Amino acid sequence: MRFAQRRMSAVVAIIAAFLISGVFFGLPASASDSGQQPKPQPQSPKEPPARSPEPQNQDETTIRLGTELVVLDVTVVDSANKPIMDLTQDQFQIFEDKVPQKVEFFTKEQVPVSLVFTIDTSGSMRSKLDTVIKASANLIKASRSGDEVAVIEFKEEPVLLEEFTNDINDAIYALEGMVARSQTAMLDALYLSADYAQKEGKNRRKAVVIVTDGEDKDSQYKMEEVIDHLREADVQIYLIGFTKDLEKSGGWVFSKSPQEKAEGLLNKLASETGGRAFFPRELAEVHSIAQQISTDLRTQYTIGYYPSNTKRDGTFRSVRVSVNGGNRRLVARTRNGYTAPRDGQASNR
């Protein structure tokens, strides 16, 4: 009864806000007047959290004035894809645009996560939704002190079902109320989920888990726009793509099949942010994938550096992290880069 009352209150509040402002989840009030479907617009950003450690002395303050600390969440795995957590700072090397950088900040302590579950509830997910909900609920139950969870569903457009909360029961209740129908606007959902995590998540480490069949049919954001936004957001993206049922052959010689296109897109989105894409061949695999995502989020190094390129020119800077594992073959996974701030613009690095 408590959840039902809270749910009804939330619905009433959302309807009231919609009628007053003409805006829901970033859509302008003029949408219905123009007859066109504008792109979902993000809300006004919060003040970015402070990320730089305190300088050691006055000289350091002078040298680093105007330079932003770039913070990376790094997952390191061995050849068996097992997380490795016994590394030291001197085993890491960072390259920005192929130029070596000095590691200034390093920790392997577990930190709280602001996690958004974004679930595809289009008609094609109907037979899978129950299992997805149960696996997502198990992942939520693995939350630790300081974590917060939000829930978004998407069909033709994304809908925020549960704002960031520390109450796992509220988040699970939002999941259990989902119903599958209609079309898929996956790119729009990803764009707004990352935007919501970036602006509303209170923790420095932010992630989105998006579950979809991999096809995008109704999005207004283009792939390039979404990738550009992910580069600015500093949110890790984990994708579970049910692409097995898509066609495996293309319509023309040398053309990619719908399955290849979907998996290529999801892999691209994950790699840009240091996350992972999973493609279960059996529905039962979702539970083990959820556990892998939980492990991934809990076994990351946080490293930071002050870029040698101090220009505030709004350009994209590629980033690569390498690890010296001695006799072990190790792979470091992190976001592919970041967009430098411009003069007068707050940094989100």
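Residues numbered from 1 in each chain as written. Predicted model: local features only at pLDDT ≥ 70, side-chain atom pairs only at ≥ 80, totals over all residues. Heavy atoms only, no water.

## Let's talk about the confidence of the model for the chain
Averaged over the chain, the pLDDT score is 82; the fraction of residues at 70 or greater is 77%. In the model, residues 10-35 has pLDDT below 50 throughout and makes 26 contacts with residues more than four positions away in sequence or in other chains. Segment residues 42-66: pLDDT under 50, and 29 contacts once partners within four positions in sequence are set aside and those in other chains are kept. (pLDDT = per-residue confidence, 0-100. Contact = heavy atoms within 4.5 Å.)

## A closer look at the sheet that holds strand β2 (residues 92-96)
If you walk across this open sheet you meet the four strands as β3-β2-β12-β14, and the pairing is antiparallel. Of all the strands in the sheet, just β3 (99-101) and β14 (337-339) have a single pairing partner and so form its edges. Between one strand axis and the next, the sheet turns by 30° as a mean value, whatever way the strands run. Here β2 runs beside β3; their pairing, made up of three bridges, is antiparallel. What sits directly across from Phe95, in β3, is Pro100. (Pairing = 2+ DSSP bridges. Helix = DSSP H or I, 4+ residues; strand = E, 2+ residues; numbered from the N terminus. Axes fitted to C-alpha atoms, helices over the stretch in contact; angles between N-to-C directions.)

## A few points about the sheet that holds strand β13 (residues 331-333)
Spatially, β4-β11-β1-β13 is the arrangement adopted by the four strands of the open sheet, whose pairing is antiparallel. Of all strands in the sheet, those bounded by a partner on one side alone are β4 (105-107) and β13. Recorded for the sheet is a direction-independent mean angle of 30° between the axes of neighbouring strands. Bridging between β4 and strand β11 (residues 301-305) involves three bridges; their strand directions are antiparallel. Across the sheet, residue Thr107 finds its bridge partner in β11, namely Thr302.

## Side note on the packing of helix α4 (residues 129-141) against helix α9 (residues 285-298)
Between α4 and α9, whose axes approach to 9 Å, the crossing angle comes to 30°. Judged by the angle between their axes, α4 and α9 are roughly parallel. Here α4 and α9 pass one another in a crossing that is right-handed. Contacts from Thr131, Val132, Lys134, Ala135, Asn138 and Leu139 in α4 reach Val286, His287, Ala290, Ile293 and Ser294 in α9. Within the contact of α4 with α9, the residues separate by chemical class into six nonpolar, four polar and one charged. (Parallel < 35°, antiparallel > 145°, perpendicular 65-115°, else oblique. Left-handed = near helix turned anticlockwise from the far one by under 90°. Nonpolar A, V, L, I, M, F, W, Y, C, P; charged D, E, K, R; others polar.)

## Here we look at the pattern of salt bridges
What the rule picks out here adds up to 18 salt bridges. For the salt bridge of Glu153 with Lys155, the shortest nitrogen-to-oxygen distance reads 3.2 Å. For Glu153, a relative accessible area of 13% gives the class buried. Between Arg333 and Asp296 there is a salt bridge; the shortest N-O distance is 2.6 Å. Within this pair, whereas Arg333 is found in strand β13, its partner Asp296 is found in helix α9, the two being separated by 37 residues in sequence. Take Arg333 and Asp296: they sit in the same class, and that class is buried. Here the salt bridges share partners, and the residues they tie into one network are Asp228, Arg231, Lys268 and Glu272. (Salt bridge = Lys/Arg side-chain N within 4 Å of Asp/Glu carboxyl O. Buried < 20%, exposed > 50% of the residue type's maximum accessible area, 1.4 Å probe, protein only.)

## Some thoughts on unusual backbone geometry
Both trends apply: most residues other than glycine have a negative phi, and most peptide bonds are in trans. Even without glycine at this site, Asp97 takes up a positive phi of about 50°. Its location among the elements puts Asp97 in the loop between β2 and β3. The residue Ser182 is not glycine, and still its phi comes out positive at about 75°. As for its position among the elements, Ser182 is in the loop between α5 (168-176) and α6 (186-200).

## Some words on the side chain of Gln300
Among the secondary structure elements, Gln300 is positioned in the loop between α9 and β11. Within the local environment of Gln300, its side chain forms a polar contact with the side chain of Arg205, the two groups lying 3.3 Å apart. Only 3.3 Å separates the side chain of Gln300 from the backbone oxygen of Asp296, close enough to count as a polar contact. Discounting residues that sit within four places of it in the chain, Gln300 has contacts with Asp73, Val74, Thr75, Met85, Lys108, Arg205, Gln236 and Tyr238. (Polar contact = N/O pair within 3.5 Å; in protein donor to acceptor, adjacent residues only side chain to side chain.)

## Here we look at the environment of Ile172
Of note, Ile172 is situated in helix α5. Distance from Ile172 to Glu162, taken between C-alpha atoms, is 9.4 Å for residues 10 residues apart in sequence. For Ile172, the residues in contact, after removing those within four places along its chain, are Ala137, Ile140 and Lys141.

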